[in-house]
Amino acid sequence: MAGWKGRPKEFKQLWDYSVGFYGVWVAHIGRSVGLLQHIAHSPASAAGLAAKLGLDAGAVGAWCSAAVALGLIGERKGKLRMSARMKEILLDAKSPNYLGGQFSYLAMRSLEYRGLEDLFNSGKTLDMSSTFDAIEQATDWDHNAFLSAIKKGRSRRLHAMLSKGCRVLDVGCGTGTLIEKLWRSYPRSAFVGVEPSEVAVHRAMEVAAGKPVEILRLQGEAMNFDGQFDIVYLGESLYAASDKQAVVSNCYRALKKGGAIAIVEGLLPKTASKEGRLIIGMQLDFALQGYRFMTKEETGALLRNAGFSKVAFSDFGGSLFLVSAWKI
Ligand SMILES: C[S@@+](CC[C@H](N)C(=O)[O-])C[C@H]1O[C@@H](n2cnc3c(N)ncnc32)[C@H](O)[C@@H]1O
């Protein structure tokens, strides 16, 4: 067989996975060294970019031709430029079409994947604490999707409670990036973040300084709050808890009557649709950390067993859901 023609469609499908691998890395490195932001701001030549950003000219030249070939940027009259749609997808964290953070998560997390062989050979897992930079990139999208959903979706009551001023508990708050966003949008509310990782708590405390925010180093299973909060939020943290029912029951106890729980989490689809393929592939990433995704059914059962009512699922796309329920 000569050349490209005549190859089976399966070959072309799998070939595209290799191209996608470079697409992820070209997007990530372009964001992290500022090339994409610079091009988005003002069209420039490869040499001009290298000089302006103080980067290695050879590396920038290779990146530019890869980014053009992969369709991330275009070139006209010797200047590299970016379409409005690409700016939105790669750089605008508030857009529902934002993929930049996901690409950065994938690239940064993949640095840990050398541990996969150990996982298969001896079951050894690697905890997530070395990858909070990657987590911040991925959860930016979750946070903005949540903030926009409560402003206009079925969960508008949460927006009303936060606007008026209420007490919020963020369980598994990580480095405090959601609390920071909530505090900026809802300055009348007060926040408590609970987080077991020392690295994350340290960063969250820096975010909390000078704000109505308290950060406690604690696992969700060990929380002992009683009727103190109006909203409990769990952002991609329930999957990581070893005793999920204890965490959800502690959240129920922590809430005042009339309070709500909001869980933002990837939930495993029953069938492998095109949209569901990412989360299904990502199971390997989670297995390396000793975790697994839950299903809608498992999450609903945890909430009902704890005493919650009115369990509702809002689909954010890409298998990410807002699961809300009330203590009535
Ligand atoms: C993917 S990160 C999400 C962080 C944050 N909620 C966000 O949305 O950016 C998951 C977090 O859950 C925390 N976590 C792990 N086990 C936990 C447990 N048993 N109770 C509470 N948090 C836990 C991790 O340390 C980590 O910070």
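Basis of the calculations
- Residues numbered from 1 in each chain as written.
- Predicted model: local features only at pLDDT ≥ 70, side-chain atom pairs only at ≥ 80, totals over all residues.
- Heavy atoms only, no water.
- Helix = DSSP H or I, 4+ residues; strand = E, 2+ residues; numbered from the N terminus.
- Rg over C-alpha atoms; globule rule 2.2 N^0.38 Å.
- Buried < 20%, exposed > 50% of the residue type's maximum accessible area, 1.4 Å probe, protein only.
- Areas by Shrake-Rupley, 256 points an atom, 1.4 Å probe, with all protein chains shown as cover.
- Core = buried A, V, L, I, M, F, W, Y, C linked by side-chain atoms within 4.5 Å.
- Contact = heavy atoms within 4.5 Å.
- Patch = residues over 30% accessible without salt bridge, like charges linked within 9 Å, V, L, I, M, F, W, Y side chains within 5 Å.
- Salt bridge = Lys/Arg side-chain N within 4 Å of Asp/Glu carboxyl O.
- Phe/Tyr/Trp six-rings, centres within 6.5 Å; stacked < 30°, edge-to-face > 60°.
- Lys NZ or Arg CZ within 6 Å of the ring centre and 35° of its normal.
- Pairing = 2+ DSSP bridges.
- Axes fitted to C-alpha atoms, helices over the stretch in contact; angles between N-to-C directions.
- Parallel < 35°, antiparallel > 145°, perpendicular 65-115°, else oblique.
- Left-handed = near helix turned anticlockwise from the far one by under 90°.
- Expected span 1.5 Å × (residues − 1).
- Arc of directions from axis to C-beta.
- Polar contact = N/O pair within 3.5 Å; in protein donor to acceptor, adjacent residues only side chain to side chain.
- Near = heavy atom within 4 Å.
- Nonpolar A, V, L, I, M, F, W, Y, C, P; charged D, E, K, R; others polar.
- Domains from an automatic or database assignment.

Just give me the short version of the overall build of the protein chain, but keep the residues and values in it.
Of regular secondary structure, the protein chain possesses 14 helices and nine strands. What you see for the protein chain is a C-alpha radius of gyration of 22 Å, in line with the 20 Å of a compact globule of 328 residues. Dimensions of the protein chain, computed from the C-alpha atoms along their principal axes, are close to 65 × 45 × 35 Å. Looking at the protein chain residue by residue over its 328 residues, the buried ones come to 45%. When the accessible surface of the protein chain is totalled, it reaches about 16,500 Å², and 56% of it is carbon and sulfur.

Quick one: what's the story with the nonpolar core, residue by residue and with numbers?
Judged by nonpolar contacts, the single largest core of 33 residues is most densely connected at F146, L158, L162, L182, I215 and F316. Taken together, the elements giving at least two residues each to this core come down to α8 (132–152), α9 (156–164), α10 (177–185), α11 (198–208), β5 (213–217), β6 (229–235), β7 (255–266) and β9 (320–326). It is α8 that provides the largest number of residues to this core, a total of six residues. In this structure, L158 is in contact with F146, I150, I231, A260, A262 and W326, ignoring residues within four places of it in sequence.

I'd like a description of a nonpolar patch on the surface, backed by residues and values.
A cluster of nonpolar side chains, W4, W15 and V19, forms an exposed patch at the surface whose accessible area comes to about 290 Å². Position of V19 among the secondary structure elements: in helix α1 (residues 9–32).

Break down the packing of aromatic side chains for me, citing the residues and quoting the values.
Considering all chains together, one arrives at eleven aromatic pairs under this definition. Centre to centre, the rings of Y239 and Y291 are 5.4 Å apart; their planes meet at 70°, and the pair counts as edge-to-face. You can see Y239 sitting in the loop between β6 and α12 (244–254) and its partner Y291 sitting in the loop between α13 (277–288) and α14 (296–306), a full 52 residues away along the chain. You can call Y239 buried: its relative accessible area is 7%. The structure contains a cluster of three or more aromatic residues connected by ring pairs, namely Y239, F286, Y291 and F293. Here the guanidinium or amino end of R7 rests over the ring plane of F11, the centre of that ring lying 4.7 Å away.

Lay out the sheet that holds β5 in plain terms, naming residues and giving numbers.
Read across the open sheet, the seven strands follow the order β5-β4-β3-β6-β7-β9-β8; overall the sheet is mixed. In this open sheet, the two strands that pair with only one neighbour each are β5 and β8 (309–317). Along the sheet, successive strands turn relative to each other by an average axial angle of 15°, direction set aside. For strand β3 (residues 167–171) and β6, the ladder comprises three bridges, and the chain directions are parallel. What sits directly across from L169, in β6, is V232. Packing against the sheet, α10 makes contact with β3, β4 (190–195), β5 and β6, and its axis sits at approximately 175° to β4.

I'd love a proper account of the packing of helix α3 (residues 46–53) against helix α4 (residues 57–69), names of residues and values included.
Packing of α3 against α4 leaves a shortest axis separation of 9 Å and a crossing angle of 130°. It follows from the interaxial angle that α3 and α4 lie oblique. In this structure, α3 crosses over α4, and the sense of that crossing is right-handed. On α4, the residues touching A46, L49 and A50 of α3 are A57, V60 and C64.

Talk me through α4; I want residue IDs and the actual numbers.
Here α4 spans 18 Å end to end across 13 residues, near enough to the 18 Å set by a 1.5 Å rise per residue. Taken as a whole, α4 has its buried residues at V60, W63, C64 and A67. Projected down its long axis, α4 shows its buried positions confined to an angular sector of 100°, all on one face. Close packing links the buried residues of α4 with α1, α2 (35–41), α3 and β2 (79–81). A distance of 3.2 Å separates the backbone nitrogen of G58 from a side-chain oxygen at the start of α4, and that oxygen is part of D56. Two residues or fewer past α4, G71 is found with a positive phi of approximately 85°.

With reference to specific residues and values, describe the site of the ligand.
Taken together, 21 residues lie around the ligand, and H143, G172, E195, E221 and G235 are the ones closest in. Residue T139 places a side-chain N or O atom 3.0 Å away from an oxygen atom belonging to the ligand. Contact between the ligand and E221: a nitrogen atom at 2.8 Å from a side-chain N or O atom of the residue. Considering the ligand on its own, with 590 Å² of exposed area, one finds that the protein chains cover 94% of that surface. With four residues, α8 is the single largest residue contributor to the shell around the ligand. Its residues placed into classes, the shell around the ligand shows eight nonpolar, ten polar and three charged.

Explain the domain arrangement of the protein chain residue by residue, including any values.
Taken as a whole, the protein chain is organised into domain 1 (9–91) and domain 2 (110–326). Measuring from the centre of the C-alpha atoms in domain 1 to the corresponding centre in domain 2 gives 33 Å.

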